[in-house]
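# Fold and geometry: a report
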Amino acid sequence: MKILIKNIKQLVQVEINPQLKVAGKDMKNLSCINYAWLAIENDKIAGFGKMDDWEGISDWTDLTIIDASDKLVLPCWCDSHTHIVYAGSREGEFVDRINGLTYEDIFQRGGGILNSAKKLHDASEDELVESAMLRLNEIMLQGTGAVEIKSGYGLSFESELKMLRVIKKLKTLSPITIKATFLGAHALPIEYKERKGDYIKLLINEIMPVIAEEQLADYCDVFCEQNYFTREETIEILSAGKKYGMAPKVHAEQLSNSGGTLAGIEVGAISVDHIEFVGDTEIKALQNSKTMPTILPGAAFFLNLPFPPARKMIGAGLPIAVASDYNPGSCPSGNMNFMVSLCCIQYKMTPEEAINAATINSAYAMDLSKTHGSIAVGKQANIFITKEIPNYSFIPYSFGNTLIETVIINGEIV
Ligand code: NIG
Ligand code: FE
């Protein structure tokens, strides 16, 4: 199977010498070729260049030709933070927040993550696979070609493993590249209210060995926050996760400055996510680390949280990734086009910085930047073709609109 896309108005995010991530002032660079061609062979990008230099086709067998006149081609979005496996929805809590309750008030009365845990307990594996597949298909048509999915609405031995087995099944069913994360430390279940140590023991001594045996997770994550898990507990859980082959990630500094970023850096986390409340200490520590600071502007938008200091972090030479956080409580949307718009509109990132954050840097946060996140020869052929639009800045500018016309995943039009 071969695809040739010709007459591309602008081929965006091309790399001759592929990098694993971009940081600081380099985030403003976005390589493009105007009036370009792109060739795909099987599931990989086989070549690209200027139309003027195109030497034609020698072998026409099995070739699909797409004319992309006046259209742009980009690498698919990479979404390094989602909770796409869940049961039911939480619009009731959304209305409660409109009427004055806070996200924290709702959690304290047994809602929030605990509400989703109740719903997930009652759902079968098949039901969870079916609803998650709908969401995966939805984000795929919105241009997402690689996604990380977390457990964390199970909060018990059976239900956490149920979630992770669902994610393993999704890996076989969906063409999108999927990474799995164990987030048993998402919240303390009510039955463990006075026995937090026992819950942590359950995570480490009972659930992690099964995860390792069945190879259910690539990463381990902790919600490090007041009333959830402390910095010390975060380090304990993530260090144990490493012994079971799971690289660390952290939900850090979302609602307060709680030490998640420093905990993540200490254990060598691949990413620290949310980071609304990072300060100068965390920025300094991130400068000497390989950890990817990841912003989740959809959740901050939906919960009316303060914005993370994105400009300050880029100014300090840091990379930034952006992900959706798609989940029923703090961001019921996985639309990465909208996340890119929020980066620009609210966080004052330029379109180049936002697109880098949503492609190569978000791929890095899933260990996928060798194969995803840019247009480079040999990378996975996960790309999208836009409708007729003037240039890539039009994508964040035209927020909320559907600008994607064709999505190609693993070299196949979906
Ligand atoms: O990333 N912050 C913790 N976890 C999720 C929200 C989970 C929920 O409310 O269901 C987040 O925002
Ligand atoms: Fe999250």
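Think of each chain on its own: its residues are numbered from 1, step by step along the sequence as written. The order in which chains are written sets their letters, starting at A; the order in which ligands are written sets their numbers, starting at 1. In keeping with the predicted nature of the model, local features appear solely for residues at pLDDT of at least 70, side-chain atom pairs appear and are counted solely at 80 or more, and the whole-chain, interface and lining totals rest on all residues. Side-chain numbers come from the whole structure's heavy atoms, not from hydrogens or water.

Quick look at the sheet that holds strand S13 (residues 321-322) now. When DSSP locates at least two bridges between a pair of strands, those strands are taken to pair. Only DSSP runs of H or I reaching four residues or more are called helices, and only runs of E reaching two or more are called strands; each is numbered from the N terminus. With parallel pairing, the 8 strands of this open sheet are ordered in space as S6-S7-S8-S9-S10-S11-S12-S13. Looking at strand neighbours, the two that pair on one side only are strand S6 (77-79) and S13, the edges of this open sheet. Sheet topology places strand S10 (residues 247-252) next to strand S11 (residues 271-274); 4 bridges connect them, and they run parallel. When the bridges of S11 are listed, His-251 appears paired with Asp-273. Sheet contacts for helix H4 (residues 125-141): strand S7 (144-150) and strand S8 (177-185); angle to S7, the most-contacted strand, approximately 145 degrees. The strands touched by helix H5 (residues 157-173) within the sheet are S7 and S8, with S8 carrying the most contacts at an inclination of about 175 degrees. Contacts are residue-level and defined by heavy atoms, with any inter-residue pair within 4.5 Å sufficient. Structural elements are reduced to axes, namely lines fitted to C-alpha atoms, with helices fitted over the stretch in contact, and the angle between N-to-C directions of any two is expressed from 0 to 180 degrees.

Take the pattern of salt bridges next. Opposite charge on two side chains allows them to pair when their charged atoms are near. Definition used for salt bridges: Asp or Glu carboxyl oxygen within 4 Å of a side-chain nitrogen of Lys or Arg. All told, the structure shown has 15 salt bridges when counted by the stated rule. Note that Lys-150 is salt-bridged to Asp-221, the shortest N-O span being 2.7 Å. Here Asp-221 lies in strand S9 (residues 219-224) and Lys-150 lies in strand S7, a separation of 71 residues in the sequence. The class of Lys-150 is buried, set by a relative accessible area of 0%. Taking relative accessible area as the criterion, Asp-221 reaches 1% and is therefore assigned buried. Where salt bridges share partners, they join Lys-28, Arg-311 and Glu-353 into one cluster. Buried means the residue's accessible area, taken with a 1.4 Å probe over protein chains only, is under 20% of the maximum for its type, while exposed means over 50%, and partly exposed covers the values in between.

Next up on the list: the coordination of the iron ion (ligand 2). Atoms are scored as donors when they are N, O or S and lie within 2.8 Å of the metal, with 3.2 Å used for Na, K and Ca; no water is included, so coordination may look incomplete. Looking at the metal site, the iron ion (ligand 2) is ligated by His-81 (NE2), His-83 (NE2), His-251 (NE2) and Asp-325 (OD), spaced 2.1 to 2.3 Å from it. Between consecutive donor residues of the iron ion (ligand 2), the sequence gaps follow H-x1-H-x167-H-x73-D. Considered together, His-81 and His-83 belong to a single accessibility category, that of buried residues.

Partitioning the chain into structural domains gives domain 1 (2-75 + 374-413) and domain 2 (78-364). The interface of domain 1 with domain 2 comprises 29 residues on the first partner and 35 residues on the second. Buried area adds together the accessible area that both of two parts lose upon being put together, with accessible area traced by a 1.4 Å probe. Interface area lost by domain 1 to domain 2 is led by Lys-21, Met-27 and Pro-396, which between them contribute 26%. Here domain 1 and domain 2 share 1 salt bridge between them. The partner of Glu-353 in a salt bridge is Lys-28, and the shortest N-O contact between them spans 3.8 Å. Any pair of nitrogen or oxygen atoms within 3.5 Å is treated as a polar contact; in protein, a donor-acceptor pairing is required on top of that, and neighbouring residues in sequence qualify only through side-chain atoms on both sides. Where domain 1 meets domain 2, there are 11 residue pairs in polar contact (both at pLDDT 80 or more). Counting residues per element, the ones that place at least two in the side of domain 1 that touches domain 2 are strand S5 (71-75), helix H15 (394-397) and strand S15 (404-409). In terms of residue count, S15 provides more of the side of domain 1 that touches domain 2 than any other element does, 3 residues in total. Throughout the structure description, domain borders are defined by an automatic or database domain assignment.

It is worth spelling out the packing of aromatic side chains at this point. Two aromatic rings, drawn from Phe, Tyr or Trp (for Trp, its six-membered ring), form a pair once their centres lie within 6.5 Å of each other, and the interplanar angle then sorts them: stacked below 30 degrees, edge-to-face above 60, tilted otherwise. Across all of its chains, the model carries 8 aromatic pairs by this definition. Centroid distance Phe-301 to Phe-338: 5.4 Å. Interplanar angle 75 degrees. Geometry classified as edge-to-face. Linking Phe-301 in helix H10 (residues 297-302) with Phe-338 in helix H12 (residues 336-345), this pair joins segments that are 37 residues apart in sequence. The rings of Phe-107, Phe-223 and Tyr-228 are connected pair by pair, giving a single aromatic cluster. Over a ring means this: the NZ of a Lys or the CZ of an Arg is within 6 Å of the ring centre and within 35 degrees of the ring normal. The side chain of Arg-97 reaches across the aromatic face of Phe-302, ending 4.8 Å from its centre. Here the basic side chain of Lys-249 rests over the ring of Tyr-219, its NZ or CZ set 5.3 Å away from the ring centre.

Bringing the nonpolar core into the picture now. Definition used in this section: a nonpolar core is a set of buried Ala, Val, Leu, Ile, Met, Phe, Trp, Tyr and Cys residues joined via side-chain atoms within 4.5 Å. Residues Trp-77, Leu-136, Leu-170, Phe-182, Ile-237 and Met-349 are the most contacted members of the largest nonpolar core, which totals 113 residues. Residue contributions to this core peak at 9 residues, all from helix H6 (residues 196-214). When residues of this core are assigned to domains, at least three map to each of domain 1 (2-75 + 374-413) and domain 2 (78-364). Those residues within four positions of Phe-182 in sequence are excluded, and the remaining contacts are Ser-151, Glu-160, Leu-164, Leu-203, Ile-207, Met-208, Ile-211, Ala-217, Tyr-219, Cys-220, Asp-221 and Met-246.

In this section: the site of ligand 1. Nearness of a residue to a molecule or strand requires only that one of the residue's heavy atoms be within 4 Å of it. Close to ligand 1 lie 15 residues; Arg-90, Tyr-103, Tyr-153, Gln-254 and Ser-330 are nearest. Contact distances for ligand 1 include 2.7 Å between a nitrogen atom and a side-chain N or O atom of His-186. Here ligand 1 has 330 Å² of accessible area as a free molecule, and 100% of this is covered by the chains. Computed with a 1.4 Å probe, the accessible areas rest on the Shrake-Rupley method; for each residue, only the protein chains presented here act as cover.

Interaxial distance between H6 and helix H7 (residues 231-243) falls to 10 Å at its minimum, and their mutual angle equals 10 degrees. Considered as vectors, H6 and H7 are oriented roughly parallel to each other. Between H6, through Lys-196, Ile-200, Leu-203, Ile-204 and Met-208, and H7, the contact on the second element is made entirely by Glu-233, Glu-236, Ile-237, Ala-240 and Gly-241. Gly falls in the polar group here, along with every residue not listed as nonpolar (Ala, Val, Leu, Ile, Met, Phe, Trp, Tyr, Cys, Pro) or charged (Asp, Glu, Lys, Arg). Grouping the constituent residues of the contact of H6 with H7 by class yields 6 nonpolar, 1 polar and 3 charged. If an angle is under 35 degrees, it is roughly parallel; if it is over 145, roughly antiparallel; if it lies from 65 to 115, roughly perpendicular; otherwise it is oblique.

Another point: the environment of Gly-145. Tracing the backbone through its elements, the reader meets Gly-145 in strand S7. The spacing of Gly-145 and Pro-248 is 103 residues in sequence and 22 Å in space, taken between C-alpha atoms. In this structure, Gly-145 is in contact with Cys-76, Trp-77, Ile-176, Thr-177, His-372, Asn-382 and Ile-409, ignoring residues within four places of it in sequence.

Turning our attention to the side chain of Ser-116. Note on placement: Ser-116 falls in helix H3 (residues 113-121). Taking relative accessible area as the criterion, Ser-116 reaches 2% and is therefore assigned buried. Of note is the side chain of Ser-116, whose polar atom sits 2.7 Å from the side chain of Arg-90. The residues touching Ser-116, leaving out its near neighbours within four places in the chain, are Arg-90, Tyr-153 and Pro-328.

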